[in-house]
Amino acid sequence: MSKSAQRDAAARRRFLKMAGAGLATGLSGPALAALAPAVAGERSLRLYNTHTGEQSNAVYWADGDYQNEGLAELSRLLRDHRSNEVGAIDGGLLDLLYLLATTLDTRERIQVISGYRSPASNAMLHKTSSGVATRSLHMEGLAMDIRVPGRALAEVRRAAIALKGGGVGYYPASDFVHVDIGRVRTW
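Residues numbered from 1 in each chain as written. Predicted model: local features only at pLDDT ≥ 70, side-chain atom pairs only at ≥ 80, totals over all residues. Heavy atoms only, no water.

*Asks:* Before we go on, may I ask you to explain the confidence of the model for the protein in this structure?
*Replies:* Interpretation of the predicted coordinates at a detailed level should be avoided for regions scoring low in pLDDT. In this model, the protein carries a mean pLDDT of 85, and residues with pLDDT of at least 70 account for 78%. Below pLDDT 50 for its whole length, residues 21–27 participates in 8 contacts with residues either more than four positions away or in separate chains. (pLDDT = per-residue confidence, 0-100. Contact = heavy atoms within 4.5 Å.)

Here is the structure:
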């Protein structure tokens, strides 16, 4: 194993250990996200936008801080595909996704069905679907709808619930799991 891979593995173990300590003490959502900057190493996400076909391997956290270039790249990838509007994606949501991918032990690209959603898109979707909240956390860059290739949707749901990082919605008929960094809740 290369030195870089060893550092990444050690950083993942430290991150999981710290996150586990946070969960054991009842920390979740924003509190869990607050733990993230204390972890050394580098974090990246392998994402695929199912609507645009775009993909990313952006490093969004390194050298003890969030990286503006990586955050901008991911925010662009996760933009509202209906309006092409880019909204800032919260680093805590990216940390939750990173932790979820680590928990699921996957190197596959996480498929994103919905990231940021503009207020106009959200209002339109709310009118046509009972599953879209009026004040959706997607509009604040705090939520994503995802699936993970090679993992059953129910497995993704269970792993997300176990992290207690926020809300988890299960939509098997639409083939996605909703994750957010709002209140811990399930539906």
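*Asks:* What exactly am I supposed to notice about helix α6 (residues 153–163) here?
*Replies:* An α-helical turn contains 3.6 residues, so a residue and the one three or four places further along point in the same direction. Residues of α6 that are buried include every one of L153, V156, A159, A160 and L163, and no others. Buried residues of α6, viewed axially, fall in a sector of 125 degrees; they line one side. Projecting away from the buried face of α6 at angles above 90 degrees are the exposed residues R158 and A162. Backbone geometry just after α6 places K164 at a positive phi near 50 degrees. (Buried < 20%, exposed > 50% of the residue type's maximum accessible area, 1.4 Å probe, protein only. Helix = DSSP H or I, 4+ residues; strand = E, 2+ residues; numbered from the N terminus. Arc of directions from axis to C-beta.)

*Asks:* Whenever I open this one, the environment of V148 confuses me. Can you help?
*Replies:* When you line up the elements, V148 lands in the loop between β7 (143–147) and α6. Judged by relative accessible area, V148 falls into the buried class, the value being 4%. Separated by 41 residues in sequence, V148 and R107 have C-alpha atoms that sit 9.7 Å apart. With residues near it in sequence (within four places) discarded, V148 still touches L104, T106, I110 and V156.

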